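As a plain string of letters, each chain reads:
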Amino acid sequence: MTLRIHNTLSRALETFSPIEPGHVRMYVCGMTVYDLCHLGHARSMVAFDVVQRWLKASGYRVTYVRNITDIDDKIIKRSLENGETVRGLTDRMIEALHQDADALGIERPTHEPRAMDYVPQMLSMIGTLQNKGLAYKASNGDVNYAVRKFAGYGKLSGKSLDELQAGERVAVDDGKQDPLDFVLWKSAKTSEPDEVKWASPFGAGRPGWHIECSAMSCEMLGQSFDIHGGGADLQFPHHENEIAQSEGANGQKMANVWMHNGFINVDNEKMSKSLGNFFTIRDVLKEFDAETVRFFVVRSHYRSQLNYSDVHLNDARGALKRLYTALGTVRADAVTIDWADPHAARFKAAMNEDFGTPDAVAVLFELASEVNRTASTQTAGLLKALGGVLGLLQDDPKAFAQAGAGVDEDAIQAQIAARAAAKSAKNFAEADRIRQALAAEGIVLKDSPTGTTWERG
């Protein structure tokens, strides 16, 4: 079975073959670190975490680069509002990003370059573009990209220059020769701190957003690489502009495959900070355990739209609990996945068809049913091993059953002890009251000859 990936550039499923046999080079646009990550960021991070996990499970060596934008208008504005340095703000937000990603079981990328560290490479690429007649210095001191001079502009988004022109307002006092042109280098402003001003042949200033990814991907992965990914909102203009910059400067195809994950929606609108309808990862983890949040994302296809609500998260936890219940009743042997096994083969076929996690998750439920029916420790082992490919089912089943934000285990045990004392005193009304009070908090008690245990409802 061969891996096929939906390529945004061709708008079709394509058989995947890396440029260098056995080695996949992948670049994914990361976060602009001026605030905490929200669940939309988690969707992208989990989606491409699953991609790199499957590539590794398929035997590839993966060089995965996910950048960090640590210089940007929003970052400068927020740092000034907070009365802190840009570096201080971005260091703090990067640490928070790592904490949130680690909580969701997201493996660290191979490299995580910060834009500030690659300004020389950006300036070099801008110089090349200028020498090729694709960039010009405007009257306001900015350096802009001349979009109409790049013949392939619009090929990723499918937009023609005439369509783009119709959607643009006429540029006023921004120095652009054409409204479609975009900035490569921003001239320094007196209102901005010195730490975001670099000397350059074009005058003091700082890079535009789009040039960052072109320069960093080229530096770390080469002029042509295998996969470029990111959220669907980046397809235009960010990724379109990356292609124009990289291919304009280097004269060769930037990336063979372009992948874009779908949005997380709230009330049918994309979750975003600009709309004010976002939930930070930390907000969500106050209400739901991290593996439930990951499962909520993984069980939907990465290109699909995903609707967020407490109802959907509770449904995800209930479904995940069914898998863990199977592993809680039967010991899971440590197994090496035999891809010829019928269940494993179906899982592999699903993942090889554009990382089809919904069908792969369906195989996990088939295995859970078989575990419940046969009590096979080998089958339980395969369930756990295949779950691990998706970053799931690696926790202790009892620990998962008890997992949840705001759980005070000592307080629960004290209530269990009080209930046992009430039953011993034949005060069954009090024992029932304690059970009902815990149930109202989402804590389910389970009595057995060996004692009482509890789990999240």
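Now for a look at the structure at hand.

Rules used throughout
- Residues numbered from 1 in each chain as written.
- Predicted model: local features only at pLDDT ≥ 70, side-chain atom pairs only at ≥ 80, totals over all residues.
- Heavy atoms only, no water.
- Axes fitted to C-alpha atoms, helices over the stretch in contact; angles between N-to-C directions.
- Helix = DSSP H or I, 4+ residues; strand = E, 2+ residues; numbered from the N terminus.
- Parallel < 35°, antiparallel > 145°, perpendicular 65-115°, else oblique.
- Left-handed = near helix turned anticlockwise from the far one by under 90°.
- Contact = heavy atoms within 4.5 Å.
- Nonpolar A, V, L, I, M, F, W, Y, C, P; charged D, E, K, R; others polar.
- Salt bridge = Lys/Arg side-chain N within 4 Å of Asp/Glu carboxyl O.
- Buried < 20%, exposed > 50% of the residue type's maximum accessible area, 1.4 Å probe, protein only.
- Arc of directions from axis to C-beta.
- Polar contact = N/O pair within 3.5 Å; in protein donor to acceptor, adjacent residues only side chain to side chain.

**Describing the packing of helix α4 (residues 119–131) against helix α7 (residues 235–250)**
Phase 1 of the analysis: Here α4 crosses α7 at 70°, and the two axes come no closer than 9 Å. Taken together, the axis directions place α4 and α7 in an arrangement best described as roughly perpendicular. In this structure, α4 meets α7 at a crossing whose hand is left-handed. The residues of α7 that touch α4, namely those facing Met-125, Thr-128 and Leu-129, are Gln-245, Gly-248, Ala-249 and Asn-250.
Phase 2 of the analysis: In the contact of α4 with α7, the residues fall into three nonpolar, four polar and no charged.

**Focus: the pattern of salt bridges**
Phase 1 of the analysis: Following the criterion strictly, the structure yields 29 salt bridges and no others.
Phase 2 of the analysis: For Arg-87, the salt bridge goes to Asp-91, with nearest N and O atoms at 3.5 Å. In this pair, Arg-87 and Asp-91 both sit in helix α3 (residues 86–103), four residues apart, roughly one turn of the helix.
Phase 3 of the analysis: Each of Asp-49, Arg-53, Lys-56, Glu-107 and Arg-294 takes part in one network of salt bridges that share partners.

**Details of helix α2 (residues 73–82)**
Phase 1 of the analysis: Among all positions in α2, only Ile-75, Ile-76 and Ser-79 are buried. Burial along α2 is one-sided: seen end-on, the buried residues are contained in an arc of 100°.
Phase 2 of the analysis: At its buried positions, α2 is contacted by α3 and β8 (205–207).
Phase 3 of the analysis: Looking at where α2 begins, the residue whose side-chain oxygen comes 2.7 Å from the main-chain nitrogen of Lys-74 is Asp-72.
Phase 4 of the analysis: Within two residues after α2, Gly-83 carries a phi angle of roughly 70°, on the positive side.

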